[in-house]
Amino acid sequence: MKPALIINIVTSVVVTVVGILIIFGVAAPGLSLNLRITFGVVFAAYGVYRFLNFLSKIKMQKYKEDHERIEEAKDELLKKKIKK
């Protein structure tokens with residue numbers, strides 16, 4: 001797995017956990033309730049966004065690999081057909 005994808009998933013988990021901790025007042029107890037909930041939701045939503053971005057990159061990578069494999073197989077079949 002590429003290091004960028006690993007960093008992306010670790011970041012998404014950390015940011016989501018920090019967002020949840022802010023919402024419950026563990027990470028930022030000095031903030032007012034509305035501000036704490038707002039910051040917590042923003043952090044948690046960004047963490048979820050990063051995770052979904054990670055999943056889409058994995059799917060795109062698999063799609064590209066499948067597409068390249070199909071193109072290679074198609075080229076191979078065309079070469080065999082031309083030789084005959």
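Our structure's up above, just so we're on the same page.
Fair warning: this is a prediction, and the values are worked out from it, not measured in the lab. (Residues numbered from 1 in each chain as written. Predicted model: local features only at pLDDT ≥ 70, side-chain atom pairs only at ≥ 80, totals over all residues. Heavy atoms only, no water.)

**Quick look at the overall build of the protein chain**
To be explicit about the condition: For helices the rule is a DSSP run of H or I covering at least 4 residues; for strands it is a run of E covering at least 2, with both sets numbered from the N terminus onward. As a reference, a globule follows 2.2 Å times the number of residues to the power 0.38, and the radius of gyration itself is taken over C-alpha atoms. For the exposure calls, accessible area comes from a 1.4 Å probe over protein chains only, and a residue counts as buried if that area is under 20% of its type's maximum, exposed if over 50%, partly exposed in between. The contact criterion used throughout is that any non-hydrogen atoms of two residues lie within 4.5 Å.
Scanning the protein chain from N- to C-terminus turns up two helices and zero strands. What you see for the protein chain is a C-alpha radius of gyration of 22 Å, clearly larger than the 12 Å of a compact globule of 84 residues, by over 25%. For the protein chain, the C-alpha atoms occupy an extent of roughly 80 × 20 × 10 Å along the three principal directions. Burial statistics for the protein chain: of 84 residues in total, 19% are counted as buried. A separation threshold of at least 6 residues defines the contact pool for the protein chain, and within that pool the share at least 24 residues apart is 67%.

**Side note on the pattern of salt bridges**
Here is the rule: We count a salt bridge whenever a side-chain nitrogen from Lys or Arg sits within 4 Å of a carboxyl oxygen from Asp or Glu.
Counted according to the given criterion, the structure contains two salt bridges. Of the charged contacts in the structure, one is a salt bridge between Arg69 and Asp66, with a shortest N-O distance of 3.8 Å. One end of the pair is Arg69 and the other is Asp66, both in helix H2 (residues 33-83) and three residues apart, which spans about a single turn. Among the ionic pairs, Lys74 bridges to Glu71, the shortest N-O distance being 3.4 Å.

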